Amino acid sequence: MEIFKKLRGMRDILPEEIERWKKIENVFIEVSELFGFKEIRIPILENKYLFERGIGSNTDVVMKEMYEFKDKKGREIALRPEATASVVRAYIENQIYNKEKITRFYYYGPMFRYDRPQKGRYRQFYQFGIEILGGKHPFFDGESVQILDIAFKRLNIENFIFLINSLGCKNCKGKYIEEIKKYFLANINVLCEECKIRTEKNPLRVLDCKNNSCRAILNKIPSILDFLCIECKVHFENFVNFLERFDINYKINPKLVRGLDYYTKTVFEVVPEKEDIAIAGGGRYDNLVKEIGGPDIPAVGFAVGIDRIVPLIKEKENKNNEIIYFISLGERAKIKGFEIMKKLVEERIKVEMDYEDRSLKEYLKIANKTGKRWCIILGDNEIDRGIIILKDMKEGFQEEIKEEEMIEKIKERIK
Ligand code: HAM
C-alpha cells in the first residue's frame, strides 16, 4: 500500500514542539496588544493579481514562488505568500480609513512560498506580523522595531541585530535604480545569469545576490543613502535617533533592499548575530494602499518568521506533568472514574484516562514513560470505601483522599 508522505517543504509540528510555538505566539500577541494593536484575520486564498500588483510582478516571490491555481469558475487564485497585501486589501475593502486615523493590526498564520526548501526555509511557514496604517512619522517605524525588540528579549533571544536602510521615496528610489542599472550594464559580463535578467527587470535585487562575482562589483556600488531627498534623509535620521534613544542594537546596511517591491523609506531585518538568516523583516510602504486602489495612506509593518524563532528558544516545557493520569481498574471503576473525571474537567483540572484493560503495573509504567507527575488510582476496593488514591510519581508518595474532599485536595496538591 502507498504510504503517504508530507509534501516537500511542509512540516508536521508535533505536540512537544507546540508549546514553544504557543509561547512565541503569545509573547508577540501580548506585546502588540499592549501597544494597542488589534487582531485581523484574513483569508489564505486571494486573487492572484492582488499579489502581482502589491508585491511586484518582477519579484521572485511573485514570479517563481507563488502557489497558483484556477478555481472551478476559472478565477486566478493564489495562496498568500505573505500577508501585507491582504491586510491592505481588507483595509481598503472595509474602508477602515473612514473609521480611524491610525490603524494598528496584527495577524498570525501560515504563508506559502514555492521556494527551495533548506534549513529555516519551508514552503508552508508561519508569520506573526503587524501593520500600522495611516501614519507617516518615523516614530511609527520606531514603534515597529521596538515591539520586535521587546518581544525577542522576553523570549530570551539576546544576540540579534537590526539591519536597517532607507530606500527613499519613489523619486529617490527611481534615481538610484537608474544609476545602478547603468553601473550593472557597464559590468554585465561579471554578473551571474540571474543578475543579468535582474539588471533589466529589478536591478535592486542584484544587491543581495550571494554569487561571488556579483558581490565583487557590489563593493564599488554607490550607496542608496546618498540618493535620498531631504525629506527621506530627515525621516531616516529621525528613525536612527529613535533607535539610539531606545537602545536598539542596529547596523546600517546600505545594501539591504528586501525581496518585496512595495517598500519605501525605512527597511529593516532582524538577524541573529552568528547566523545569516533573517528572523524578521519589514519596513515602510507608503504607496501600497494607493497602488491597490485605496486612498493615499502611508504605512509601516513587519513580519516575524516563527519557524525560525522556535529553534532559538532553548527550554522545552513538559506539559504532560500537568495532566493527571487516571487509572481505573475494572469496569465499575471505569464508570465511576469517568464521573470523577468529568467533575475534574468542570473544575478545569487536566486529566486523561486510558480505557483499555491493563494491569496497575503497566499503567504506572506508561505514566512514567510519558512524564506524568500525578496519577489517580481507582478500583473496586476504593469505590467501596468512597476514596481515591492520588499518587505523586515524582516524590514516590501516595495518599487516600475521600471522594467528597477530592477536588479541594487535588487542587491543593497539584498547584
Ligand atoms: P519577508 O521578509 O518576506 O517579509 O518575511 C518576513 C519573515 O518571514 C522573514 O524574515 C523570515 O523570518 C520569514 N520567512 C520568509 N520566508 C520564509 C520561508 N520560506 N520559510 C520560513 N520562514 C520564512 C514579509 O513577508 C513582509 N510582509 C513583512 C512586512 C510586513 N513588511 C511590512 N509589513
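Residues numbered from 1 in each chain as written. Predicted model: local features only at pLDDT ≥ 70, side-chain atom pairs only at ≥ 80, totals over all residues. Heavy atoms only, no water.

Undergrad: Which parts of the structure should I look at to understand the sheet that holds strand S16 (residues 397–402)?
TA: Hydrogen bonding along the main chain pairs the strands of a sheet, whether they run parallel or antiparallel. The strand order S13-S12-S14-S15-S16 describes an open sheet built from five strands, whose pairing is mixed. Because the sheet does not close on itself, it has two edges, and the strands there are strand S13 (351–353) and S16. For this sheet the average axis-to-axis angle between neighbouring strands, irrespective of direction, equals 25°. For strand S12 (residues 324–328) and strand S14 (residues 374–378), the ladder comprises four bridges, and the chain directions are parallel. Its bridge partner being in S14, Ser 328 is matched across the sheet by Leu 378. (Pairing = 2+ DSSP bridges. Helix = DSSP H or I, 4+ residues; strand = E, 2+ residues; numbered from the N terminus. Axes fitted to C-alpha atoms, helices over the stretch in contact; angles between N-to-C directions.)

Undergrad: Explain the domain arrangement of the protein here, please?
TA: Considered domain by domain, the protein is made up of domain 1 (15–169 + 229–312) and domain 2 (319–410). Once you take the C-alpha centre of each, domain 1 and domain 2 turn out to be 48 Å apart. (Domains from an automatic or database assignment.)

Undergrad: Looking at this model, I keep getting lost on the nonpolar core. Mind explaining?
TA: Across soluble globular proteins, nonpolar side chains show a tendency to be buried alongside one another. Phe 28, Leu 148, Phe 152 and Ile 309 are the most contacted members of the largest nonpolar core, which totals 99 residues. If sequence neighbours within four positions are ignored, Phe 152 has contacts with Phe 28, Ile 157, Phe 160, Val 270, Ile 279, Ala 280, Val 304 and Ile 309. In this structure, Ile 388, Ile 401, Met 406 and Ile 410 belong to the second largest nonpolar core, which totals 19 residues. (Core = buried A, V, L, I, M, F, W, Y, C linked by side-chain atoms within 4.5 Å. Buried < 20%, exposed > 50% of the residue type's maximum accessible area, 1.4 Å probe, protein only. Contact = heavy atoms within 4.5 Å.)

Undergrad: Can you walk me through a nonpolar patch on the surface in this structure?
TA: A surface patch of nonpolar side chains, amounting to about 240 Å² of accessible area, comprises Ile 44, Leu 45 and Phe 69. Here Phe 69 lies in strand S3 (residues 68–70). (Patch = residues over 30% accessible without salt bridge, like charges linked within 9 Å, V, L, I, M, F, W, Y side chains within 5 Å. Areas by Shrake-Rupley, 256 points an atom, 1.4 Å probe, with all protein chains shown as cover. Salt bridge = Lys/Arg side-chain N within 4 Å of Asp/Glu carboxyl O.)

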